[in-house]
Amino acid sequence: KVFEKAIEEYCKKIDQQICFGELGHPDTFDDTFDVTLNRVSHLITKIETKYPKVPRKKKKVMKKAGTYQKDTYLVNYRILDTEKGREAERIVKDLVPSPRGSGSIDSQGVIQDDYQLFSIDLIHKKDRA
């Protein structure tokens, strides 16, 4: 629910065409989590949510129990004509979108309501956690 709320807020900025992302996550984060212009490689154009694929009978049971929820986000982006964008274009098949945000966690490691999504960067598939 926390991430879904952060995505909704981020989507409001997509229409303004200000959701830039970097090629790779930065090595160090500053206080603002701003996207560094010399690392910009792409523009986020749309985020869609999808429901998990489950058998029809199980889906019916899950819907009745209220446990059938969206679990996948599809990120559409446009590679930009920048130095990092041209680099990303050469290896785009090896890249996946990865959210960059900040927020607090509780003692069990659960992200709290103050989570904020700053960017969706492109990272190499092998770096995905």
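All values derive from a computational prediction rather than experimental measurement. Here the residue index of a chain counts from 1 through its sequence in written order. Local features are withheld for residues below a pLDDT of 70 in this predicted model, meaning they are given only at 70 or higher, and side-chain atom pairs are given and counted only at 80 or more; totals for whole chains, interfaces and linings count all residues. Derived side-chain values reflect all non-hydrogen atoms in the structure, with water molecules and hydrogen atoms excluded from consideration.

Enquirer: So what exactly am I meant to see when it comes to the nonpolar core here?
Expert: Burial of nonpolar side chains together is a common tendency in soluble globular proteins. Judged by nonpolar contacts, Val2, Ala6, Ile7, Tyr10, Ile14, Cys19, Ile44, Ile47, Val75, Tyr115, Leu117 and Ile120 together constitute the single largest core of twelve residues. If you list the elements that add at least two residues to this core, you get helix 1 (2–14), strand 2 (40–50) and strand 5 (116–124). Comment: elements are numbered from the N terminus, with helices defined as DSSP H or I runs of at least four residues and strands as E runs of at least two. With five residues, helix 1 is the single largest residue contributor to this core. Contacts: residue pairs with any heavy atoms within 4.5 Å of one another. Beyond its immediate stretch of four places on either side in the chain, Ile120 contacts Tyr10, Gly21, His42, Ile44, Ile47, Val75, Pro97, Ser98 and Pro99. Within this scheme, the nonpolar core is defined by two criteria: the residues are buried Ala, Val, Leu, Ile, Met, Phe, Trp, Tyr or Cys, and they are joined through side-chain atoms within 4.5 Å. A 1.4 Å probe rolled over the protein chains alone gives each residue an accessible area, and that area as a share of the maximum for its type sets the label: buried under 20%, exposed over 50%, partly exposed in between.

Enquirer: Just to check I follow, could you spell out helix 2 (residues 56–65) for this structure?
Expert: The periodicity of an α-helix, 3.6 residues per turn, causes residues three or four places apart in sequence to face the same way. Within helix 2, only one of the ten residues are buried, leaving the element largely exposed. Looking one or two residues beyond helix 2, the residue adopting positive phi is Gly66, at roughly 75 degrees.

Enquirer: Hey, could you run me through the sheet that holds strand 2 in this one?
Expert: Within a beta sheet, neighbouring strands are joined by backbone hydrogen bonds and run either parallel or antiparallel to one another. Paired strands, in this sense, are two strands between which DSSP finds at least two bridges. The sheet built from three strands is open, its strands ordered 1-2-3 with antiparallel pairing. The open sheet is flanked by strand 1 (20–22) and strand 3 (72–79), the only strands paired with a single partner. Direction aside, the axes of adjacent strands within the sheet are offset by 50 degrees on average. Across eight bridges, strand 2 lies against strand 3 in antiparallel orientation. Bridging across to strand 3, Thr49 finds its partner in Tyr73. Against the sheet, helix 1 engages strand 1, strand 2 and strand 3, with an angle of about 125 degrees to strand 2. Where helices are involved, their axes are fitted lines through C-alpha atoms of the stretch in contact, as for all axes, and angles between N-to-C directions lie from 0 to 180°. Strand contacts of helix 3 (residues 83–91): strand 2 and strand 3, with the helix running at about 55 degrees to strand 2, the strand carrying the most contacts.

Enquirer: Is there a simple way to think about the pattern of salt bridges in this case?
Expert: Once the charged atoms of two side chains with opposite charge are near each other, the side chains can pair. Any carboxyl oxygen of Asp or Glu within 4 Å of a side-chain nitrogen of Lys or Arg constitutes a salt bridge here. Taken as a whole, this structure holds seven salt bridges when the rule is applied. Glu22 serves as the salt-bridge partner of Arg100, at 3.5 Å between the closest nitrogen and oxygen. A residue pair is termed long-range when its members are at least 10 positions apart, and Arg100 in strand 4 (residues 95–102) and Glu22 in strand 1 qualify at 78 residues. Glu22 shares its class with Arg100; the two are buried. Between Lys84 and Glu87 there is a salt bridge, with the nearest N and O atoms lying 3.7 Å from each other. Here Glu87 and Lys84 lie together in helix 3, a separation of three residues that amounts to about one turn. A single salt-bridge network, built from bridges that share partners, covers Glu22, Arg39, Arg100 and Asp121.

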